[in-house]
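Tertiary structure, described
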Amino acid sequence: MSRETLLRAAARLVLSGEEPAVAPGEPVLDLLGILRRNKVLLKSLESAPGLAKTAWEAFRARPEVSRALESERADAAGLLEDWRRVASAFDARGIRAVLFKSPRWFPGLSSNLDVLVSPGSFREAARILEDHGHILLPHYREDHKLLFRTFRGGHAALSVHLHEAVSWGKVAILDGAEVVSRSVEGEDDGIRVASPVDAMITTVAHTVFETDQVRLGDLLILREALARGGSFGGLLGSAAAGRWE
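Residues numbered from 1 in each chain as written. Predicted model: local features only at pLDDT ≥ 70, side-chain atom pairs only at ≥ 80, totals over all residues. Heavy atoms only, no water.

**Some details on the overall build of the chain**
Rule in force here: Each helix is a run of H or I in the DSSP string that is no shorter than four residues. Each strand is a run of E no shorter than two, and both are numbered from the N terminus. Atoms considered for the radius of gyration are the C-alpha atoms alone. The globule rule reads 2.2 Å times the number of residues to the power 0.38. Each residue is assigned to one of three classes by its accessible area relative to the maximum for its type, calculated with a 1.4 Å probe on protein chains only: buried under 20%, partly exposed between the two thresholds, exposed over 50%. Only heavy atoms matter for contacts: two residues are in contact if any of them lie within 4.5 Å across the pair. As used throughout, the charge tally considers Lys and Arg to be positive and Asp and Glu to be negative, leaving His and the chain termini uncounted. In plain terms, the charge of a residue is placed at NZ if it is Lys, CZ if Arg, CG if Asp and CD if Glu.
Assigned secondary structure in the chain consists of nine helices and nine strands. For the chain, the C-alpha radius of gyration of 18 Å lies close to 18 Å, the compact-globule estimate for 245 residues. For the chain, the spread of C-alpha atoms along the principal axes amounts to about 55 × 45 × 30 Å. Per-residue burial over the chain gives 49% buried out of 245 residues. Summarising the internal contacts of the chain: among those between residues at least 6 apart in sequence, 63% fall at separations of at least 24. Put simply, the chain has 31 plus and 33 minus side-chain charges, and the middle of one group is 1 Å from the middle of the other.

So this is what it looks like as structure tokens:
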């Protein structure tokens, strides 16, 4: 099976809810690899708007997919447990932390967990992270951001990318205090995520300023945000105000 055929199958699954017409075995593993590189969480397909439930259930029933889904859930559960310890410490100090690159689900496929707090809480949040064993990586220097990492058994574990604004380089996309004030509850208890419009703005800005590509996972976030009250008018209005329309 050609790579183009697999790419089209992945796109149809994510965007149209069609069960991929690929034979069991290696092609399914290749398809799963495409989904992962496109930052598509398998669990996000279970209830994604616009997807055919019967097609997802048939795809999930394949042994390769079932194993990948269980592995993804186990990895996410470990990261979520680590993050909750920090989130509880933030809450105790009145700091509201937002996983601002997610419209609903816990984002378990990024190398970093992107966390945003209000600018006035930024330094205190950094101190709390260090108090909980998170190591600041001083070589990483970018405005409004600090990068922390933890290790377990000699291997890198949870990495927290702490933000006080949504920005890339010298381009400020969204004010951190406003993102925090508009944030909403995610699907996991005690986890806050970006508002639907802010999730759309952040996702599209990320494709423009960071990755130079639109991934299937980005399109899935946009669809999810639109289903939850987001709008392209809000996205374009923010982009125009920030002069990156």
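**A word on the packing of helix α1 (residues 3-16) against helix α8 (residues 216-227)**
Selection criterion: Fitted lines through C-alpha atoms give the axes, limited to the stretch in contact for helices. The angle between two N-to-C directions lies from 0 to 180 degrees. For this classification, under 35 degrees means roughly parallel, over 145 means roughly antiparallel, 65 to 115 means roughly perpendicular, and everything else is oblique. Think of it as three bins: nonpolar holds Ala, Val, Leu, Ile, Met, Phe, Trp, Tyr, Cys and Pro, charged holds Asp, Glu, Lys and Arg, and polar takes everything else, Gly as well.
Axis separation between α1 and α8 bottoms out at 10 Å; the angle between their running directions is 10 degrees. By the angle between their directions, the pair α1 and α8 is classed as roughly parallel. Counting all contacts with α1, which are made through A10, A11, V14, L15 and S16, the residues of α8 involved are L216, L219, L220 and R223. Looking at the contact of α1 with α8 residue by residue, the class counts come to seven nonpolar, one polar and one charged.

**Points about the side chain of N38**
As a reminder of what qualifies: In protein, a polar contact requires one atom able to donate a hydrogen and another able to accept it; more generally it is a pair of N or O atoms within 3.5 Å, and residues adjacent in sequence count only if both atoms are side-chain atoms.
With respect to the helices and strands, the residue N38 is situated in the loop between α2 (26-37) and α3 (53-60). Overall, the relative accessible area of 17% leaves N38 in the buried class. Reaching out from N38, the side chain makes a polar contact with the backbone nitrogen of L216 at a distance of 2.9 Å. Among residues more than four places away in sequence, those in contact with N38 are R215, L216 and G217.

**Some remarks on the environment of A97**
Positionally, A97 belongs in the loop between α4 (63-92) and β1 (98-99). Each C-alpha atom of the pair A97 and L158 lies 16 Å from the other, and the pair is 61 residues apart in sequence. Setting aside chain neighbours within four positions, we find A97 in contact with W83, F90, V115, L116, V117 and R192.

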